[in-house]
Amino acid sequence: MKPGHPAPPFAGGCQCGAVRYRLIAAPTGAGICHCRMCQKAGGAPFMAFTGVKAADLVFTRGTPTKYASSDLAERGFCAACGTPLTYQIKGLNRISVTIGSLDDPALFAPGEQFGTEAILPWFAALAALPGQRTDDWLRAAKIDDVGNHQHPDRET
Ligand SMILES: [Zn+2]
Ligand SMILES: [Zn+2]
């Protein structure tokens, strides 16, 4: 983390709020992974992780359900809403959390990429695609209120 970066703990959790956690130490090694397993596990073009020593991830509400996606690693997710939350290589004293599940994901900029053999051919063009803000999209679609069920990005 750079000077001026907020200090731990950093909180996060799943979309529904059944699982909440805290990183009680500064995470290291933020990265994205394009591997085919991360594409499936995230239901997304790639996943983004940062990690801490196993003891520095503390669950403050609920616990993830685990799926052993290989003999090497287990992935934790919320059984109620499906949000991918953790990745851990068995026997290693380190656990990764999905950057998107942190309450302030902007703090954790990826510094490296993994699984580059599976980078989707359109990945590099994503940042240049035309875009619009959600509020503008809602206004254009004449939707006044989505009735948000997502847990807020803070402790409750
Ligand atoms: Zn959930
Ligand atoms: Zn991966």
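Before any of the text, the structure's been laid out above.
Bear in mind that the values here come from a model prediction, so they are computed numbers and not experimental data.

Criteria and thresholds
Residues numbered from 1 in each chain as written. Chains lettered and ligands numbered in written order. Predicted model: local features only at pLDDT ≥ 70, side-chain atom pairs only at ≥ 80, totals over all residues. Helix = DSSP H or I, 4+ residues; strand = E, 2+ residues; numbered from the N terminus. Rg over C-alpha atoms; globule rule 2.2 N^0.38 Å. Buried ≥ 20, exposed ≤ 12 C-beta atoms within 10 Å, placed from the backbone. Pairing = 2+ DSSP bridges. Axes fitted to C-alpha atoms, helices over the stretch in contact; angles between N-to-C directions. Core = buried A, V, L, I, M, F, W, Y, C linked by C-beta atoms within 7 Å. Contact = placed C-beta atoms within 7 Å.

Side note on the overall build of the chain
From N to C terminus, the chain includes 2 helices and 10 strands. Starting at the N terminus and walking to the C terminus, you meet the elements of the chain as β-β-β-α-β-β-β-β-β-β-β-α. Relative to a compact globule of 156 residues, whose C-alpha radius of gyration would be 15 Å, the chain shows 17 Å and is just as compact. Considering only C-alpha atoms, the chain reaches an extent of 50 × 40 × 35 Å along its principal axes. Taking all 156 residues of the chain together, the buried fraction comes to 26%.

A few points about the sheet that holds strand 5 (residues 57-61)
Across the sheet, 3 strands lie side by side as 1-2-5; this open sheet has antiparallel pairing. In the strand order of this sheet, the two ends are held by strand 1 (10-13) and strand 5, each with one partner. On average, adjacent strands in this sheet sit at an angle of 30 degrees to one another, irrespective of strand direction. Examined bridge by bridge, strand 1 and strand 2 (residues 20-23) share 4 bridges and lie antiparallel to one another.

Here we look at unusual backbone geometry
Cis geometry marks the peptide bond from P8 to P9; its omega dihedral reads 10 degrees. By the secondary structure assignment, P9 is in the segment before strand 1. Even without being a glycine, K142 presents a positive backbone phi close to 55 degrees. Counting through the fold element by element, K142 comes out in the segment after helix 2 (134-140). A tally of 6 C-beta atoms within 10 Å means that K142 is categorised as exposed.

Considering the environment of P6
Structurally, P6 is set in the segment before strand 1. In the structure, P6 is positioned 101 residues away from L107 in sequence and 8.2 Å away in space, judged by C-alpha atoms.

Thoughts on the nonpolar core
In this structure, C33, M47, F49, L57, L85 and V97 are the most contacted members of the largest nonpolar core, which totals 23 residues. If near-sequence neighbours (up to four positions away) are discounted, C33 is found in contact with C38, F46, M47, F49, F114 and G115.

Things to note about the sheet that holds strand 7 (residues 73-77)
Taking strand neighbours across the sheet as the criterion, the 7 strands line up as 6-7-8-9-4-3-10 in an open arrangement whose pairing is mixed. Of all the strands in the sheet, the pair left with one neighbour each is strand 6 (65-68) and strand 10 (112-114). Sheet twist, expressed as the average angle between the axes of neighbouring strands with direction ignored, equals 30 degrees. Relative to strand 10, strand 3 (residues 28-33) runs parallel, the two being bridged by 3 bridges. Bridging from a neighbouring strand, G31 pairs with E112 of strand 10.

What about the environment of G42?
Secondary-structure assignment places G42 in helix 1 (residues 36-42). On the basis of neighbour count, G42 is assigned to the partly exposed category, with 18 C-beta atoms found within 10 Å. If sequence neighbours within four positions are ignored, G42 has contacts with M47 and P84.

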